[in-house]
Amino acid sequence: RLRQLAFKWGQKNPNDGQLLYLDNLDESIEQFVPGVLDKRQIEDRAEALAALAIHFVSVGPVLVFTIKPAEVVKIGKTISALLEKRKLQSLSTHQAEINKHVIPTVERIIGSDHQLVSFLKQGFAFHYGPLPKEVRQTIEEAVRNEIIPLVIANETLAQGVNLPIKTLVIDTVNRGNAPMSVR
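Fair warning: this is a prediction, and the values are worked out from it, not measured in the lab.

### Observations concerning the overall build of the chain
Thinking step 1. Looking only at helices and strands, the chain features 5 helices and 8 strands.
Thinking step 2. A total of 183 residues make up the chain; the buried ones form 42% of that total.
Thinking step 3. A separation threshold of at least 6 residues defines the contact pool for the chain, and within that pool the share at least 24 residues apart is 60%.
Thinking step 4. Just so you have it, the chain exposes about 11000 Å², and 47% of that area is on carbon and sulfur atoms.

This is the structure:
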């Protein structure tokens, strides 16, 4: 059984804390990741996911996983806005390779005005079922070669695709009102 946890800072000693199961969580406890997220600057879950993903790109390739296909693009838009807010041009140290090899392939298949193309110009991508197979394979290859350091996906990447992901950021462990099944 999967259970969600939250961290609660100690009342008497600010260096202490404890992990609490969310089903026993006091409503007054704010959920955040100490040292990574500033809870005063995070407005919603998509922004928390975006901030975590951008932070952990420095460690290695990141996969942001969400169940809902509609959330894939929403999270991407939040990452894009956060990059612009932080005045970061690209997440990738290989942006020239993305511009030269990945973007032309994607544009040829789905057009230059597709949301994925604008994200690729910022050094990250998304991967989900509505994308044509050739586009998904192009994204997979770029992530596998560590050209794209951040990808947002739903279950399409959970189905046997082997990628060198160092950090997995999970949107939720629930599918509807019930936890996802564990294999």
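After that view of the structure, there is still more to cover.
### Digging into the confidence of the model for the chain
Thinking step 1. In this model, the chain carries a mean pLDDT of 81, and residues with pLDDT of at least 70 account for 70%.
Thinking step 2. Highest mean pLDDT in the chain belongs to helix H4 (residues 115–120) (98); lowest belongs to strand E8 (residues 178–179) (56).

### Some points on the environment of Thr167
Thinking step 1. Here Thr167 is to be found in strand E6 (residues 167–170).
Thinking step 2. Among all residues touching Thr167, those that are not within four sequence positions of it are Phe56, Pro61, Val62 and Leu63.

### Some points on helix H5 (residues 133–144)
Thinking step 1. A rise of 1.5 Å per residue sets the reference length of H5, with its 12 residues, at 16 Å; its end C-alpha atoms lie 16 Å apart and thus fit the reference within 8%.
Thinking step 2. Where H5 is buried, its residues meet helix H3 (95–110), H4, strand E4 (125–127) and strand E5 (150–153).
Thinking step 3. Note on H5: the residue one or two positions beyond its end, Glu146, has a positive phi of about 60°.

### A few points about the packing of aromatic side chains
Thinking step 1. A full pass over the atoms with the stated rule returns 3 aromatic pairs.
Thinking step 2. With 5.8 Å between their ring centres and 75° between their planes, Phe119 and Phe126 make a pair best called edge-to-face. Assigned by exposure class, Phe119 and Phe126 land together as buried.
Thinking step 3. Summarising the aromatic geometry, the rings of Phe126 and Tyr128 are spaced 5.2 Å apart at their centres and angled 80° between planes, so their arrangement reads as edge-to-face.

### Quick word on the nonpolar core
Thinking step 1. Ranked by size, the top nonpolar core spans 43 residues in total, and within it Ile79, Leu116, Leu120, Phe126, Ile139, Ile148 and Leu150 carry the most contacts.
Thinking step 2. Where this core is concerned, the elements lending two or more residues are helix H1 (45–56), strand E3 (62–65), helix H2 (69–85), H3, H4, E4, H5 and E5.
Thinking step 3. Those residues within four positions of Phe126 in sequence are excluded, and the remaining contacts are Val72, Val73, His114, Gln115, Leu116, Phe119, Leu131, Ile139, Val151 and Ile152.

### Concerning the packing of H1 against H2
Thinking step 1. Running from N to C, H1 and H2 cross one another at 60°; their axes reach a closest spacing of 9 Å. Regarding H1 and H2, the two cross each other, and that crossing is right-handed. From H1, Ala46, Glu47, Leu49, Ala50, Ala51, Ala53 and Ile54 reach across to H2, where they touch Lys74, Ile75, Thr78, Ile79, Leu82 and Leu83.
Thinking step 2. Among the residues forming the contact of H1 with H2, the class breakdown is 10 nonpolar, 1 polar and 2 charged.

Scoring rules and cut-offs
- Residues numbered from 1 in each chain as written.
- Predicted model: local features only at pLDDT ≥ 70, side-chain atom pairs only at ≥ 80, totals over all residues.
- Heavy atoms only, no water.
- Helix = DSSP H or I, 4+ residues; strand = E, 2+ residues; numbered from the N terminus.
- Buried < 20%, exposed > 50% of the residue type's maximum accessible area, 1.4 Å probe, protein only.
- Contact = heavy atoms within 4.5 Å.
- Areas by Shrake-Rupley, 256 points an atom, 1.4 Å probe, with all protein chains shown as cover.
- pLDDT = per-residue confidence, 0-100.
- Expected span 1.5 Å × (residues − 1).
- Phe/Tyr/Trp six-rings, centres within 6.5 Å; stacked < 30°, edge-to-face > 60°.
- Core = buried A, V, L, I, M, F, W, Y, C linked by side-chain atoms within 4.5 Å.
- Axes fitted to C-alpha atoms, helices over the stretch in contact; angles between N-to-C directions.
- Left-handed = near helix turned anticlockwise from the far one by under 90°.
- Nonpolar A, V, L, I, M, F, W, Y, C, P; charged D, E, K, R; others polar.

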